[in-house]
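A closer look at the structure
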Amino acid sequence: MHRLKRDFFENPTITVAKELLGKTLVFNKHQGLIIETEAYIGENDPACHAAKGRTKRTEIMYGEAGYSYVYLIYGMYYCLNIVTEEKNFPAAVLVRGIILNHTKDAKDINGPGKLCKHLGITQEHNKINLINSNFFYITAPKKQQTFSYIETPRIGIKVGIDKLWRFKIHSFY
DNA sequence: GAATAGATCCGC
DNA sequence: CGGATCTATTCA
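Residues numbered from 1 in each chain as written. Chains lettered and ligands numbered in written order. Predicted model: local features only at pLDDT ≥ 70, side-chain atom pairs only at ≥ 80, totals over all residues.

**Re the protein's contact with DNA strand B**
Near DNA strand B, the surroundings consist of 21 residues, among which Tyr-40, Leu-94, Gly-111, Gly-113 and Gly-156 are the closest. Of all elements in the fold, only β5 (77–83), β6 (91–100) and α3 (112–119) reach the threshold of two or more residues within the surface near DNA strand B. (Near = placed C-beta within 6 Å. Helix = DSSP H or I, 4+ residues; strand = E, 2+ residues; numbered from the N terminus.)

Structure follows, in structure tokens:
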């Protein structure tokens, strides 16, 4: 296993979203294999939080790649994103689903709200540098399992549904 | 200050 | 399909 570095996240967001599939998310004592992601790209993406420009909330998306972006949605659920691309270009990948593998029985978690709840991710974990943090980062296995994935419109949004920017592992070979 | 919509989930 | 529940943003 080796930790993903800044340059991994500096690539185009769609590339990063696809490449994150099959990687391992590490948070405290939890480890999960990422199986589902979504891309939110720039001010021209109407579904992106940064679509209306730079605000206090979206500022992190304009920052350097490899930082976490955590926000509260619908008053109840946190969503975990990872900032991508170069500085001053607002983009991020939403992590929607993982397979927990820290327990003996692998457990699927589908949905960003449930994911954060299970891992214990909250507002406190916003703007964390995943490149340096010693408890919150992404790793890649030396030999990654091969799999097929599907592309679909993003979930839960009313705009930008013409874009197939959701990526999900379909099956392992 | 008030109104509103929102990258969700669960139960009916 | 609607309710829970709160915050960022917009409008007055």
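**Overview of the environment of Lys-29**
Inspection of the secondary structure puts Lys-29 in the loop between β2 (24–27) and β3 (30–41). Residue class for Lys-29 comes out exposed when judged on the 9 C-beta atoms lying within 10 Å of it. For the pair Lys-29 and Lys-168, spaced 139 residues apart in sequence, the C-alpha separation works out to 24 Å. (Buried ≥ 20, exposed ≤ 12 C-beta atoms within 10 Å, placed from the backbone.)

**What about α3?**
For α3, the set of buried residues is Pro-112, Leu-115, Cys-116 and Leu-119. Axial view of α3: buried residues confined to an arc of 90°, hence all on one face. The inward-facing, buried residues of α3 abut β2, β3, β5, β6 and β7 (107–110). (Arc of directions from axis to C-beta. Contact = placed C-beta atoms within 7 Å.)

**Quick notes on unusual backbone geometry**
Unusually for a residue other than glycine, Tyr-74 sits at a positive phi of about 55°. Position of Tyr-74 relative to the elements: it lies in the loop between β4 (68–73) and β5. With 8 C-beta atoms counted inside 10 Å, the residue Tyr-74 sits in the exposed group. The phi dihedral of Asn-88 falls on the positive side, at around 75°, and the residue is not glycine. The class of Asn-88 is exposed, set by 9 C-beta atoms lying within 10 Å.

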